[in-house]
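Structure assessment
The primary structure of each chain is shown beneath.
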Amino acid sequence: MDAKAPTGIGPLERREARLAWGLLLPTLISVALVVVLPLLAIFWISFKPIELADLRAPEAEAYERLRGDIAAPGDAAAIEYRLSNSSREVPVTGVVLRDVIPDGLDVQDLDSRCTLIVTQLICVLGDFEPGYRERLRIDVVAGADFVAPLPSLRASAAQMDGEASSDLFNAEFTFDNFRTLFDGGEFWNVLGVTLFYTVFGTIGALVVGLFAALLLNKSFKGQGILRGLYLFPYVAPVIAVAFTWVILLDPFSGSINALLVQMDVVDTPINFFGERPLALIMVTVFEIWRYFPLSFLFILARMQSIDAEMYEAAEMDGASPFQQFWYLSVPQLLGILSVLFLLRFIWTFNKFDDIFLLTGGNAGTRTLTVNVYEQAFAVSNIGAGAAVAVVIFACLLIFALFFFKFVSREEGL
């Protein structure tokens, strides 16, 4: 009888599996900390009606200082505590103050809510209503055993204990942020602007990158210099190139407008970044100009890997340059073009800094990412900003699923 192949996992395989998981563990933890946890936090906040100030849990606070000078025995002063509730909306219950009276000081007048055990001060202050403010005063006198100088009160800062509920951490959820987001027609306008900017910016960057790759696919004098110029928009700091565009296209002092007026192309200067829909077109053109070098590099690398014998055979058969490009180059480039379209679509959909630097989201250029910033920081509605971020995530997830189900299958990716 033939010996059967051993089944199961042996000790060596188990050790290798443990080693593999051990090597992967730092990466998995890093991904969880950098990607998964912030994503879960955004989802959590999106269902909470909170503002930016609500991210800090309500708490009772005490600022301690000495009123008066104590330099020798017999000097009198007062320890003053400025008590407050950090929240103007949520009460803090069961507040207790604990502090240590410096050695050498004798307490003269004690608040009825406070008790002194040797040098330990304990004050049961009850509940602090929203926006609560109070000054608690403890009169003290330097005793006979006082030794100058008096230690700083900050060395033993007062401790405040209390309980408060926070909308951020409780288990109550609401769809108010999403309801407010979708009820107004403004969201659909912003979504349309985002899709226009993303689709045309992505396709434009691919098309311009393709033409640039076709130009540099042949060797000629000055090819290296031209390739370096092509890469400049992508490697240059975005803040520098953005402000350069704004200055050049300024309607009052911009060189482009001055040139157009002097050449009688236009009668009055054009406000490129201040008029609808021209501002949206210009920020899309900027997106194409800035990011076509990435497409150019990948497409050129793929072109140079195509076998030149195919083009020689096609040329011998009488194929025109356009026919060679359409029937030979394009089928070979579909794979890389699909990947670039996926990456550029996601990156452009998430793009914030370019539009914010060029227009600030004005003149009909506000995209979803700019809307996240305005909701979360301009009006301090962090819950609404998180809701918009969740919508962005959902849109990109739907696009990615559609891409991998249909487009990637056709291209064999």
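Residues numbered from 1 in each chain as written. Predicted model: local features only at pLDDT ≥ 70, side-chain atom pairs only at ≥ 80, totals over all residues. Heavy atoms only, no water.

Remarks on the packing of helix α3 (residues 186–216) against helix α7 (residues 278–304)
Test applied: Fitted lines through C-alpha atoms serve as axes, helices being fitted only where they are in contact, and the angles separating the N-to-C directions of these axes extend from 0 to 180 degrees. Only DSSP runs of H or I with at least four residues qualify as helices, and only runs of E with at least two residues qualify as strands; both kinds are numbered from the N terminus onward. Working definition: roughly parallel below 35 degrees, roughly antiparallel above 145 degrees, roughly perpendicular at 65 to 115 degrees, and oblique for all remaining angles. Should the near helix be turned counterclockwise from the far one by less than a right angle, the crossing is left-handed, whereas a clockwise turn marks it as right-handed. The classification used treats Ala, Val, Leu, Ile, Met, Phe, Trp, Tyr, Cys and Pro as nonpolar, Asp, Glu, Lys and Arg as charged, and all other residues, Gly among them, as polar.
Taken N-terminus to C-terminus, the directions of α3 and α7 make an angle of 40°; their axes are 5 Å apart at the nearest point. In terms of orientation, α3 and α7 fall into the oblique class. The two elements α3 and α7 meet at a crossing, and its hand is right-handed. Broken down by class, the residue content of the contact of α3 with α7 amounts to 21 nonpolar, six polar and one charged.

What about helix α9 (residues 321–349)?
Our working rule: A helix is expected to span 1.5 Å multiplied by its residue count minus one. Bend, in this description, refers to the angle at a residue between axes fitted to the seven residues ending there and the seven starting there.
Taking 1.5 Å of rise per residue, the 29 residues of α9 would be expected to cover 42 Å, yet its terminal C-alpha atoms sit only 35 Å apart, more than 12% below that figure. Considering bend angle alone, the principal kink of α9 is centred on V330 and spans about 45°; proline P331 follows within four residues of it.

Topic: the sheet that holds strand β4 (residues 105–109)
Note the threshold: Two strands form a pair only when DSSP identifies at least two bridges running between them.
Reading across the sheet, the four strands line up as β1-β2-β7-β4 and stay open at both edges, with antiparallel pairing between neighbours. Every other strand in the sheet has two partners, leaving β1 (60–67) and β4 as the edge strands with one partner each. Strand-to-strand twist in this sheet, taken as the mean axis angle between neighbours without regard to direction, amounts to 30°. The pairing of β4 with strand β7 (residues 133–142) spans four bridges and is classified as antiparallel. Of the residues in β7, the one forming a bridge with V107 is V140.

Description of the nonpolar core
Note the threshold: Nonpolar core, defined: a set of buried Ala, Val, Leu, Ile, Met, Phe, Trp, Tyr and Cys residues in which side-chain atoms within 4.5 Å join the residues together. Only protein chains enter the accessibility calculation, which uses a 1.4 Å probe; a residue whose area is less than 20% of its type maximum is buried, one above 50% is exposed, and one in between is partly exposed. Working rule for contacts: check all heavy atoms of both residues, and any pair within 4.5 Å makes them a contact.
One finds Y81, L97 and L125 to be the most contacted residues of the largest nonpolar core, which totals 25 residues. Listing elements by their share of this core, those giving two or more residues are β2 (76–85), β3 (92–100), β6 (120–128) and β7. Among all residues touching Y81, those that are not within four sequence positions of it are Y63, E64, L97, D99, I101, L121, E134, R135, L136, I138 and A158.

Regarding the confidence of the model for the protein chain
The following threshold applies: Summary of the metric used: pLDDT quantifies the predictor's per-residue confidence within the range 0 to 100.
Confidence in the prediction for the protein chain averages 88 pLDDT; 96% of positions are at 70 or higher. The weakest mean pLDDT in the protein chain belongs to helix α8 (residues 308–316) at 84; the strongest belongs to α7 at 94.

A word on the environment of L66
Turning to its location among the elements, L66 is positioned in strand β1. Residue L66 is classed as partly exposed on the basis of its relative accessible area of 26%. Counting along the chain gives 28 residues from L66 to P38, while the straight-line C-alpha distance between them is 43 Å. Aside from chain neighbours lying at most four places away, what touches L66 is A77, A78, I79, L150 and L153.

Some details on the layout of surface pockets
Defined as follows: Any residue with an atom within 4 Å of a point lines the site, the site being either a cavity, points on a 1 Å grid over the protein atoms alone where a 1.4 Å probe fits but cannot get out, or a pocket, an open set with protein on both sides within 12 Å along at least 5 of 7 lines. Grid points are joined across faces, edges and corners, and a volume is the space filled by probe spheres set on the points.
Of the volumes computed, that of the largest pocket is approximately 450 Å³. For the lining of the largest pocket, the secondary-structure elements that each account for two or more residues are α7, α8 and α9. In terms of residue class, the lining of the largest pocket is made up of seven nonpolar, four polar and three charged.

Some remarks on the sheet that holds strand β5 (residues 114–117)
In space, the four strands of this open sheet follow the order β5-β6-β3-β8, with antiparallel pairing throughout. Each of the sheet's edge strands pairs with one partner strand only, and the pair in question is β5 and β8 (159–163). Going across the sheet, the axis of each strand differs from the next one's by a mean of 15°, ignoring polarity. As paired strands, β3 and β8 are joined by four bridges and run antiparallel to one another.

Here's the deal with the packing of aromatic side chains
The cut-off we apply is this: Only Phe, Tyr and Trp rings take part, Trp by its six-membered ring, and two of them pair if their centres are within 6.5 Å. Stacked means planes under 30 degrees apart, edge-to-face means over 60, and tilted covers everything else. Only lysine NZ and arginine CZ atoms are considered, and such an atom sits over a ring when it is within 6 Å of the ring centre and within 35 degrees of the ring normal.
Going through the model one piece at a time under the given rule, you end up with 26 aromatic pairs. Aromatic side chains F403 and F404 sit 5.5 Å apart centroid to centroid with 85° between the ring planes, which places their arrangement in the edge-to-face category. Taking the relative accessible area as the measure of exposure, F404 reaches 52% and is therefore exposed. Each residue in the set F341, F345, F349, F399, F403 and F404 is aromatic and connected to the rest through ring pairs, giving one cluster. Here the basic side chain of K48 rests over the ring of F173, its NZ or CZ set 4.3 Å away from the ring centre. Over the ring of Y291 we find R344; its NZ or CZ atom is 4.4 Å from the centre of that ring.

Concerning α7
With 27 residues, α7 should reach 39 Å at 1.5 Å per residue; the first-to-last C-alpha distance of 38 Å fits that figure. Y291 marks the point of greatest bend in α7, at about 40°, and the proline P293 comes within the next four residues.

Regarding the pairing of β3
Strand direction decides the pairing type here: β3 and β6, joined by seven bridges, are antiparallel. Bridge pairing in β6 places R98 opposite I122.

Concerning the side chain of T365
For clarity, the cut-off: Polar contact is defined as a pair of N or O atoms within 3.5 Å, subject to the rule that within protein one atom must be able to donate a hydrogen and the other to accept it, and that residues adjacent in sequence are counted only when both atoms are side-chain atoms.
Position of T365 relative to the elements: it lies in the loop between α10 (353–358) and α11 (368–378). With a relative accessible area of 0%, T365 lands in the buried category. In terms of polar contacts, T365 uses its side chain to reach the side chain of T359, at 2.6 Å. Excluding anything up to four places from it in sequence, T365 contacts V193, A279, L280, V283, I355 and T359.

Topic: the environment of F252
By the element assignment, F252 lies in the loop between α5 (238–248) and α6 (255–262). Taking relative accessible area as the criterion, F252 reaches 79% and is therefore assigned exposed. Sequence spacing of F252 and R135 is 117 residues, and the spatial spacing of their C-alpha atoms is 57 Å.

A word on the pattern of salt bridges
Note the following rule: Salt bridge, as applied in this entry: a Lys or Arg side-chain nitrogen positioned within 4 Å of an Asp or Glu carboxyl oxygen.
As enumerated under the stated definition, the model contains 13 salt bridges in all. E287 is the salt-bridge partner of R344, the closest N and O atoms lying 2.8 Å from each other. With R344 in helix α9 and E287 in helix α7, the pair connects residues that are 57 residues apart, well separated along the chain. D353 is paired through a salt bridge with K351; the nearest N and O atoms lie 3.7 Å apart. A residue is classified by how much of its surface remains accessible, and K351, at 14% relative accessible area, is buried. In this structure, a network of salt bridges that share partners links the residues R65, R67, E80, R82 and R135.

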